[in-house]
Amino acid sequence: MTATAAPVRVRMAPSPTGSPHVGLIRTALYNWAFARHHGGTFVLRIEDTDKERSTEESYRAILELFAWLGLEWDEGVEVGGPHGPYRQSERTELYRDVLARLAASSHTYDCFCTNEEVDARRKAAGSKVLGYDGFCRELDAEQRAAFEAEGRRPVVRFRMPEGSITWTDLVRGDITFETEFVPDYALCRANGDPLYTLTAPVDDATMAITHVLRGEDLLSSTPRQIALFDALREIGVAQSTPAYGHLPYVMGQGNKKLSKRDPEAHALAYRDQGYLPEGLLNYLALLGWSIAADRDVFSTEEMVGAFDIADVNPNPARFDLKKCDAINAAHMRLLDTAEIARRSLPFLQQAGVVSTPPTDAEQAVLDAAMPLVAERVNKLAEVAGMVDFLLVEEAAFTRDAADVEKLLDDAGREVVRAAHDAVAALEVWDTASITEALTTALVEERGLKPRVAFGPVRVAITGRRVSPPLFESMEILGRERSLGRLAGALA
């Protein structure tokens, strides 16, 4: 187990700038599991300093997503805590105070350069080092006055120290950056608005975050943050520097990083498509970690018990939608029929299959049908398509055109005619009687193979080739409606 000294405090700090990404959830899951494993605190704060792109809609989507997944946070937005507020847009005074203290201790300086000037100097010098060249580090009063006379407004840059910065990454081991390749960087815009480079470390410091587990794409910013933490400790803002762990990329098709433009990246779409939260979390956990070499399916409780950040694989993990579907299907099989019925009800209501709340008649049909359906669906949203033929008004009942063309040709209609005659004479309308009548009339007397015998009948009754078991469905549908549909297929 990874050793931890201080009580564990981790954070998730999403930006409300669009649809939440599955990579965000994988990172949140690892943080949450790490905190729960160590009996620590999971903090949810919001990085909304990007005023132009941040939206309330995206903020609410993040909260909905975390609530759906069951990733409860102990401290943060909507919950509160001793280190609030937990939205960066409400912490402006804190950032201004820290900027003033950093300036007073000479850890920062004002920079008046334009990007074009920096690029021109780099090209003239033949330098391959990207980023700022330190031109304004030692401005004299005359140079500063000249810039101000031109109406220029400075950004604030942090003075990177000379030498090297080394840390032991919780996922990747020892990492060293030479600071000559880490240029001085901006902490706020010329209008005074703080940047992520300032707000994230200041928030981590003032919220006493002990471990920062985040994506590999942020690894190059870590030497900057460690250097800033040294300065924050010096001015009394931070007590210590958190441990860092950089999680592997989540890759999409073609070995490219999964981007927000990829349809499988949108986390809330999985909720809307009827994935189970435990199924999605299980799959996302596998994108960099495993509970055992021979086991892929596990609960979040089991993950919490076994999770060790040192076991996370630093290599990129590919998002495989088929594997995600298989893991979700495995979790569906772990639910009993009553639970699948309960969870699928909102999807049935949204599809207009049942009323809100269901009528007594609708509920009776669902109670009878769910045992037939539960083992045949891999997502909750699929239930509606499996039971709608049992609940639809007869006037609105339709059949799949392609299935009708394939199975209800002249030969198929002859099979349906024989089926109608066989069950019309039944005195008892139950599964056993229907099974015996149709098997006798179609398989034994006509010598048809079951697939040929029952395929046309299935399309006539259910409207499609794939459905719950035919004979049981006919019992639920009832004599009158079943005979009506058989007759209707002959019209």
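Everything below is about the structure printed above this text.
Residues numbered from 1 in each chain as written. Predicted model: local features only at pLDDT ≥ 70, side-chain atom pairs only at ≥ 80, totals over all residues. Heavy atoms only, no water.

**A word on the pattern of salt bridges**
Under the counting rule described, the total for this entry stands at 42 salt bridges. One salt bridge in this structure joins Arg11 and Asp204, with 2.9 Å as the shortest N-O distance. On the criterion of sequence distance, the pair formed by Arg11 in strand β1 (residues 9-12) and Asp204 in helix α6 (residues 196-206) is long-range, its members being 193 residues apart. Exposure remark for Asp204: the relative accessible area of 0% places this residue in the buried category. (Salt bridge = Lys/Arg side-chain N within 4 Å of Asp/Glu carboxyl O. Helix = DSSP H or I, 4+ residues; strand = E, 2+ residues; numbered from the N terminus. Buried < 20%, exposed > 50% of the residue type's maximum accessible area, 1.4 Å probe, protein only.)

**Quick word on unusual backbone geometry**
The linkage connecting Gly84 with the following residue, Pro85, adopts the cis geometry, with an omega of 0°. Tracing the sequence through the fold places Pro85 in the loop between β3 (75-76) and α3 (92-104). Omega for the peptide link from Thr356 to Pro357 comes to -5°, which places this bond in the cis form. Positioned with a positive phi, Glu78 is a non-glycine residue whose angle comes to about 70°. Take Glu78: it is sitting in the loop between β3 and α3. The phi dihedral of Ala208 is positive, around 55°, even though this residue is not glycine.

**Quick look at the sheet that holds strand β8 (residues 185-188)**
Read from one edge to the other, the open sheet built from 3 strands follows the order β4-β5-β8, with strand pairing classed as antiparallel. Pairing within the sheet leaves two strands with one partner each, and these edge strands are β4 (108-111) and β8. Each strand axis lies, on average, 45° off the axis of its neighbour in the sheet, ignoring direction. Taken strand by strand, α3 contacts β4, β5 (155-158) and β8, and its axis lies near 135° from that of β8. (Pairing = 2+ DSSP bridges. Axes fitted to C-alpha atoms, helices over the stretch in contact; angles between N-to-C directions. Contact = heavy atoms within 4.5 Å.)

**Section: the nonpolar core**
Phe66, Leu102, Leu232, Met303, Phe307, Ile309 and Phe319 are the most contacted members of the largest nonpolar core, which has 89 residues in total. Considering every element that reaches this core, the biggest residue donor is helix α1 (residues 22-37), with 10 residues. Those residues within four positions of Phe319 in sequence are excluded, and the remaining contacts are Val22, Val250, Met251, Gln253, Leu258, Glu264, Tyr270, Tyr283, Leu284, Leu287 and Cys324. Core analysis: the second largest hydrophobic core is formed by 51 residues, Met370, Leu426, Phe471 and Met474 among them. (Core = buried A, V, L, I, M, F, W, Y, C linked by side-chain atoms within 4.5 Å.)

**Some remarks on the environment of Ala238**
Note on placement: Ala238 falls in the loop between α7 (222-234) and β10 (243-247). Owing to a relative accessible area of 4%, Ala238 belongs among the buried residues under this scheme. In sequence terms Ala238 and Tyr59 are 179 residues apart; their C-alpha atoms lie 28 Å from each other. Those residues in contact with Ala238 that sit more than four places away from it in its chain are Ala205, Phe229, Leu232 and Arg233.

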